[in-house]
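Structural description and commentary
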Amino acid sequence: MERSEAVKKESRLNSLRRCLTMPMARPSFAASDSPLTIFYGGKARVYNAIPPEKAQAIMVIAAAAAEAAKVGAPAEHNAAEVLGLALTRSLSLQSSTAEGGQSTTPNALFMLQTELPIARRHSLQRFLEKRRDRLANKTPYASAMSPNNMEVVSEGSPKLT
Amino acid sequence: MSARTLNRVMSFGISDLALEFVLGYVDDPRDREAVSLVCKKWYQIDALSRKHVTIAICYSTSPGRLRRRFPNLESLQLKGKPRAAMFNLIPEDWGGYVGPWIREIAEAFNCLKSLHLRRMIVKDEDIRVLVKARGHMLESLKLDKCSGLSTDGLLLVARSCRCLRILSLEESSISGNDAKWIHELAVNNSVLETLNFYMTELRVAPEDLELLAKNCRSLVSLKISECDISYLISFFLIATKLEEFGGGSFNDQVGDLDKYMKIQFPPKLCCVGLIFMGKNEMEILFPFAAALKKLDLQYTFLSTEDHCQLIQRCPNLEVLEVRDVIGDRGLEVVAQTCKKLRRLRIERGDDDQGLEDEQGCVSQAGLSSLAQGCLELEYLAVYVSDITNAALECLGTYSKNLCDFRLVLLDREQRITDLPLDNGVRALLKGCAKIRRFALYLRPGGLSDVGLGYIGQYSNNVRWILMGNIGESDRGLLRFSQGCPRLQKLELRSCCFTERALAMAALRLPSLRYLWVQGYVASPFGNDLLLMARAFWNIEFIPPKHDVNETEDRRGNIESQAQILAYYSLAGKRVDCPDSVIPLHPA
């Protein structure tokens, strides 16, 4: 039982590790001027260039683990410590030279970009992709979006241009 | 003695047997729930006689609990992944494994005849266990938007389930390239009424469909994957009882349109949806267009004008599904022609100019015509390019039968005629008192906090709400949460609410049992979410994901913001979370 708990915690850490080490495809805004500082076991570590969303994710997970530790049995308490320890370990993969602890305004850091593009239904998306493929196959040399193409599509029988 | 007390005393004079007979006629799950709350005896009788259960999220309970309470179930529906999975927002390995449920079904549910799995992961091994135990009595199997299985699994079903009347695999992700399973189905089954593998990539051989039509004389509904329908000429001649056909495809070779003109459709066919159908091919529908009750044009190549030409021949249409290429002009035709219309879905077409008809967008004009013309409308889902309060007021005035309303405002136009939509939304909800499902996806400025308060105030009957880009601040959400007395399931996307407000709202909404959020204002130290922590309330967190391996094109981009999923559960913490899902509470 204990062993499987440990396994689960390990996979939590893996998830955290992956969360932290995956490169960003497109930073939502300037990867933080504000470093992330973690105090643990009497030591402080400072981490630069952690994107705000990742920093927030770390904190949500840590906060939940701490909550669980408050009400839980000793086993859970240990788990929270392990988690906390591992947070430090995994963050250390990205740590750079500590800079002077600058205080950050929570608001600026955590106003995450919230306007999301409208998501497309999977089935429609596949259809639209297939339609583009059919268009491309029919008139590979035509320029992308010309009225002629539209006619071709809606009439069903291609007029070879 | 008050009337109520008298009633209760009298009910105890009814014998158990009589009670069972009476309850046998009570099917509605809400009525059944009420029955089970009267007293222990009524609870027990309901439990032993309950025929159908729908479990809206499979992690809210356990297979064992289901078995202990309803051992004689004949029909079970299970849903796995959150609805957002249909929009590519949920990791494939999120969960929803059917394995534990199948094992319980195999061991204990001896009366089960019908199984419907939606957005779940179903492996071939699960199918093997299921058909070994229940194959001989399974009458209906629906794998709806599922994944994880292959044609080997389908082969097992085809060979073992000879009583199967309904087999549906719509939109499921099934690997494997052979079509043997259809052949086996045709050979082993003679009672099949419905076969559906629409929107799958399964291969199909026309000869097998012909064999199926010959052997299953009760076949009334067939929806297939892509297969040129000129190969189905013989099939259509044999399947004389067919009422519904979907799928197929048209392959635009140069010339040779005659091959499609040769098709003779079965005489009772009234529900049709043909993939890649273009303007010339749609003429094959004209001979029986007047008999059409259901028409699916979402996957066709028709222009606005084509839609007008076709729909004006369909006065008996009850269900219509299209993309917004139908345009306001097409909706005008619908309003004038389709007086019996009950369900209308208007999906979103391509964003690129030139790929869709210029007239292909829907606005307040089309909606107003529709409301006034189609008074029987019960379900309306629409992507609009422009909207006004007046159009929503019009719906509120005329669409008195509306039960399900979904509106998404596209981001094509910079300027929208009339925002915010506060008054229109209020009029709509006040006027359409039967609405149980409601979705509103706008843009910043689309609905103010006052408007959000209106939704709360006038949503007496609403059970499910999806909102995107609405409200201005936490105040709006808190006002909203003071209303919506029956709201069970809430989905929020791209809103500006803080974790604290979300938690407060979740605690305040009296009927809430499921909450999904993507896009919110995070708390500085990540602990505000836990304000909603309480017994039996699971909170899961999906951290933001940036995967460079996934191609990031305009429409398929996988980069995603953090998500919160919270739901009531009697089963405790999930034990099968992938790395991408973190249980916060219980942690």
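Residues numbered from 1 in each chain as written. Chains lettered and ligands numbered in written order. Predicted model: local features only at pLDDT ≥ 70, side-chain atom pairs only at ≥ 80, totals over all residues. Heavy atoms only, no water.

1. Considering the overall build of chain A
We apply this condition: Numbering goes from the N terminus for both helices and strands, where a helix is a DSSP run of H or I of at least four residues and a strand is a run of E of at least two. Relative accessibility decides the category of a residue: with a 1.4 Å probe and only protein chains considered, values under 20% of the type maximum give buried, values over 50% give exposed, and everything between is partly exposed.
Looking only at helices and strands, chain A features six helices and two strands. For chain A, the α and β elements follow one another from N to C terminus as α-β-β-α-α-α-α-α. Within chain A, the proportion of its 161 residues that are buried is 42%.

2. Focus on the overall build of chain B
Applicable threshold: Contacts: residue pairs with any heavy atoms within 4.5 Å of one another. Where accessible areas are quoted, they stem from the Shrake-Rupley method and a 1.4 Å probe; at the residue level, only the protein chains shown are allowed to cover. The charge count includes Lys and Arg as positive and Asp and Glu as negative, but it does not include His or the ends of the chains. Charge positions come from single atoms, namely NZ of Lys, CZ of Arg, CG of Asp or CD of Glu.
In terms of helices and strands, chain B carries 20 helices and 23 strands. Overall, chain B is about 70 × 60 × 60 Å in size when its C-alpha atoms are taken along their principal axes. Across the 587 residues that make up chain B, the buried fraction comes to 59%. In chain B, 71% of the contacts between residues at least 6 apart in sequence involve partners at least 24 apart. Surface accessibility of chain B: about 23200 Å² in total, with carbon and sulfur atoms responsible for 50%. Averaging the positions of the 74 positive and the 74 negative side-chain charges in chain B gives two centres separated by 9 Å.

3. Focus on the pairing of strand β18 (residues 464-468) of chain B
Residues and elements named next belong to chain B. What counts, and what does not: For two strands to pair, DSSP has to find at least two bridges joining them. By the criterion used throughout, a crossover qualifies as right-handed when its path from the first strand across the helix to the second strand runs clockwise, the strands pointing away from the viewer.
Taking burial as the measure, the five residues of β18 include five buried ones, the bulk of the element. Neither face of β18 is left uncovered, since the one carrying Trp464, Leu466 and Gly468 and the one carrying Ile465 and Met467 both have all their residues buried. One ladder, built from five bridges, connects strand β17 (residues 437-441) with β18; its direction is parallel. Each residue of the ladder has a partner; that of arginine 437, found in β18, is tryptophan 464. Read as a crossover between parallel neighbours, the route from β17 over helix α18 (residues 449-457) to β18 is right-handed. Relative to strand β19 (residues 489-493), β18 runs parallel, the two being bridged by five bridges. Its bridge partner being in β19, isoleucine 465 is matched across the sheet by leucine 490. What joins β18 to β19 is helix α19 (residues 474-480), and the crossover it makes is right-handed.

4. Brief notes about a nonpolar patch on the surface
Residue and element names in this part refer to chain B. The line we're drawing: The residues that make up patches have over 30% relative accessible area and no salt bridge, and they are joined within 9 Å when like-charged or within 5 Å when they are Val, Leu, Ile, Met, Phe, Trp or Tyr. One speaks of a salt bridge when a side-chain nitrogen belonging to Lys or Arg is within 4 Å of a carboxyl oxygen belonging to Asp or Glu.
The grouping of Met504, Leu507 and Leu531 at the surface amounts to a nonpolar patch, some 210 Å² of accessible area in total. As for its placement among the helices and strands, leucine 531 is situated in the loop between β20 (514-518) and β21 (537-542). On the basis of relative accessible area, leucine 531 is assigned to the partly exposed category, the value being 33%.

5. Digging into unusual backbone geometry
Residues and elements named next belong to chain B. Going from leucine 419 to proline 420, the amide bond is cis rather than trans, its omega being 0 degrees. Tracing the backbone shows proline 420 in the loop between β16 (404-409) and α17 (422-431). Residue proline 586 follows histidine 585 across a cis peptide bond; omega there is -10 degrees. Summarising the element assignment, proline 586 is placed in the segment after β23 (582-585).

6. Regarding helix α5 (residues 122-138) of chain A
Heads up, the rule is: Helix span, as expected, comes to 1.5 Å for every residue beyond the first.
In this model α5 of chain A runs 25 Å from its N-terminal to its C-terminal C-alpha over 17 residues, within 8% of the 24 Å that 1.5 Å per residue would give. Buried residues of α5 of chain A: Ser123, Leu124, Gln125, Phe127, Leu128, Arg131, Arg134, Leu135 and Lys138 of chain A, and no others.

7. Overview of the pairing of strand β3 (residues 114-118) of chain B
Residue and element names in this part refer to chain B. Among the five residues in β3, four count as buried, and that is most of the element. As paired elements, strand β2 (residues 75-79) and β3 share five bridges and run parallel to each other. Its bridge partner lying in β3, leucine 78 is registered against leucine 117.

8. What about the confidence of the model for chain B?
Residues and elements named next belong to chain B. Defined as follows: Values of pLDDT, the confidence the predictor places in each residue, fall between 0 and 100.
Per-chain confidence: chain B averages 92 in pLDDT, with 95% of residues scoring 70 or above. Across residues 548-558, where pLDDT falls below 50, the model places 20 contacts with residues more than four positions away in sequence or in other chains. At the level of chain-chain contacts, confidence expressed as ipTM amounts to 0.89, with global pTM at 0.85.

9. Looking at the environment of isoleucine 275 of chain B
Residues and elements named next belong to chain B. Residue placement: isoleucine 275 occurs in the loop between β11 (271-274) and β12 (294-296). The exposure class of isoleucine 275 is buried, given its relative accessible area of 5%. Spatially, the C-alpha atom of isoleucine 275 lies 9.7 Å from that of isoleucine 229, the residues being 46 residues apart in sequence. Beyond its immediate sequence surroundings of up to four residues, isoleucine 275 is in contact with Tyr198, Met199, Glu226, Gly247, Gly248, Ser249, Phe250 and Tyr299.

10. Description of the environment of leucine 421 of chain B
Residues and elements named next belong to chain B. Considering the arrangement of structural elements, one finds leucine 421 in the loop between β16 and α17. For the pair leucine 421 and alanine 186, spaced 235 residues apart in the sequence, the C-alpha separation amounts to 54 Å. Non-local contacts of leucine 421, meaning those with residues more than four positions away in its chain, are made with Ile387, Thr388, Asn389, Leu392, Leu442, Gly446 and Leu447.

11. Describing the nonpolar core
Rule in force here: Side-chain atoms within 4.5 Å are what join buried Ala, Val, Leu, Ile, Met, Phe, Trp, Tyr and Cys residues into a set we call a nonpolar core.
Formed by 185 residues in total, the largest nonpolar core has its most connected members in Trp181, Leu320, Phe438, Ile455 and Phe480 of chain B. When sequence neighbours within four positions are dropped, the list of residues in contact with phenylalanine 480 of chain B reads Leu452, Gly453, Ile455, Gly456, Ile465, Met467, Leu487, Leu490 and Leu509 of chain B. Residues Leu128 of chain A together with Met199, Phe276 and Tyr299 of chain B belong to the second largest nonpolar core, which totals nine residues.

12. Let's talk about the side chain of serine 481 of chain B
Along the chain, serine 481 of chain B turns up in the loop between α19 and β19. In contact with serine 481 of chain B, not counting residues within four places along its chain, are Ala505, Arg508 and Leu509 of chain B.

13. Topic: the confidence of the model for chain A
Residues and elements named next belong to chain A. Summing up the model confidence of chain A, the mean pLDDT is 59 and the portion of residues at 70 or higher is 38%. The least confident element of chain A is helix α4 (residues 106-110), whose mean pLDDT is 37; the most confident is α5, at 89. Overall, residues 73-113 carries pLDDT values under 50, and its contacts beyond four positions in sequence, including any with other chains, amount to 68 contacts. Low pLDDT, under 50, characterises residues 143-161; the predicted model gives this stretch 34 contacts beyond four residues in sequence or across chains.

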